[in-house]
Amino acid sequence: MLRPCLQQVMEFAPQLRKDPGRLPPASPGGEVLVFAADDQGTPGGWTKRMMRTPTHIKKYEMTMPMAVLNDLKALPLSGLQIETGVMMLPVPIGKKNTRRQLPFLMLMVDSASQFILEAKLLSSEQGIDAMRALVPEHILSALLRHKVRPAELHVSSPWLHMLLEAPCQTIGIQLDHCRRLPALEDAQQEFMRAPFMFH
């Protein structure tokens, strides 16, 4: 089921590039585009519809080393804009005789140069929420390792915006929730096209 779903998304992507107005501005709790199998029973048929996702508050158990925050805050503020996000990879992994799982890929990309600042594989073995709770620390630790305090961080996922909001306020980084992240999307497509991804 995953492959035909991805095929629909990939076919729609060029249309969206030509006409971004086909989607409403992104906002937490706003409408999202849903691809659904045709309920009329047409073989291979799909329909697209806009749906409003239910609003609910989710709690994550997140810890953030104060040393990381303090060291980042001490760095000079650069003019960089970094796009970051997490995507699921359609390549099951796992040890022999254990249930295989789909890994996730966290990417951090400079908006202007499209330079990939960080690419990190994440495991969901302890659950999706546990994996998500660690993402802010991964992002800020990567910035510290590269000795970069960007002017802005751009994200498109409501959950990631929620988790990064407090740390970004603490260290003086502007956090923006964006519908489109062009540099990040290009980097994600490059990873999906890489031969090693499916072998």
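The structure under discussion appears in the preceding block.
What counts, and where the lines are drawn
Residues numbered from 1 in each chain as written. Predicted model: local features only at pLDDT ≥ 70, side-chain atom pairs only at ≥ 80, totals over all residues. Heavy atoms only, no water. Helix = DSSP H or I, 4+ residues; strand = E, 2+ residues; numbered from the N terminus. Buried < 20%, exposed > 50% of the residue type's maximum accessible area, 1.4 Å probe, protein only. Contact = heavy atoms within 4.5 Å. Areas by Shrake-Rupley, 256 points an atom, 1.4 Å probe, with all protein chains shown as cover. Pairing = 2+ DSSP bridges. Axes fitted to C-alpha atoms, helices over the stretch in contact; angles between N-to-C directions.

**Considerations on the overall build of the chain**
Then, number 1: Scanning the chain from N- to C-terminus turns up five helices and seven strands.
Then, number 2: Listing each helix as α and each strand as β along the chain from the N terminus yields α-β-β-α-β-β-β-α-β-α-β-α.
Then, number 3: Across the 199 residues in the chain, those meeting the buried criterion constitute 34%.
Then, number 4: Restricting to contacts in the chain with at least 6 residues of sequence separation, those with at least 24 account for 57%.
Then, number 5: Surface exposure of the chain reaches about 12,300 Å², of which carbon and sulfur atoms provide 56%.

**Comments concerning the pairing of strand 4 (residues 104–110)**
Then, number 1: Burial runs high along strand 4: seven of the seven residues are buried.
Then, number 2: Burial along strand 4 is two-sided: Phe104, Met106, Met108 and Asp110 facing one way and Leu105, Leu107 and Val109 facing the other are all buried.
Then, number 3: As paired elements, strand 3 (residues 81–88) and strand 4 share seven bridges and run antiparallel to each other. Each residue of the ladder has a partner; that of Met87, found in strand 4, is Leu105.
Then, number 4: The pairing of strand 4 with strand 5 (residues 116–122) spans six bridges and is classified as antiparallel. Each residue of the ladder has a partner; that of Met106, found in strand 5, is Lys120.

**Some thoughts on the pairing of strand 7 (residues 174–177)**
Then, number 1: For strand 6 (residues 152–155) and strand 7, the ladder comprises four bridges, and the chain directions are parallel. Counted as the bridge partner of Leu153 is Leu175 from strand 7.

**With respect to the side chain of Gln188**
Then, number 1: Assignment of secondary structure puts Gln188 in helix 5 (residues 182–193).
Then, number 2: Under the relative-accessibility criterion, Gln188 is labelled buried at 19%.
Then, number 3: Residues contacting Gln188, with those up to four places away along its chain left out, are Met87 and Leu107.

**Points about the sheet that holds strand 5**
Then, number 1: Sheet architecture is open: five strands sit in the order 5-4-3-6-7, paired in mixed fashion. Each end of this open sheet is capped by a strand with a single partner; those strands are strand 5 and strand 7. Sheet twist, expressed as the mean angle between neighbouring strand axes with direction ignored, is 20 degrees.
Then, number 2: Across the sheet, helix 4 (residues 158–171) touches strand 3, strand 6 and strand 7, and the angle it forms with strand 7 is around 165 degrees.

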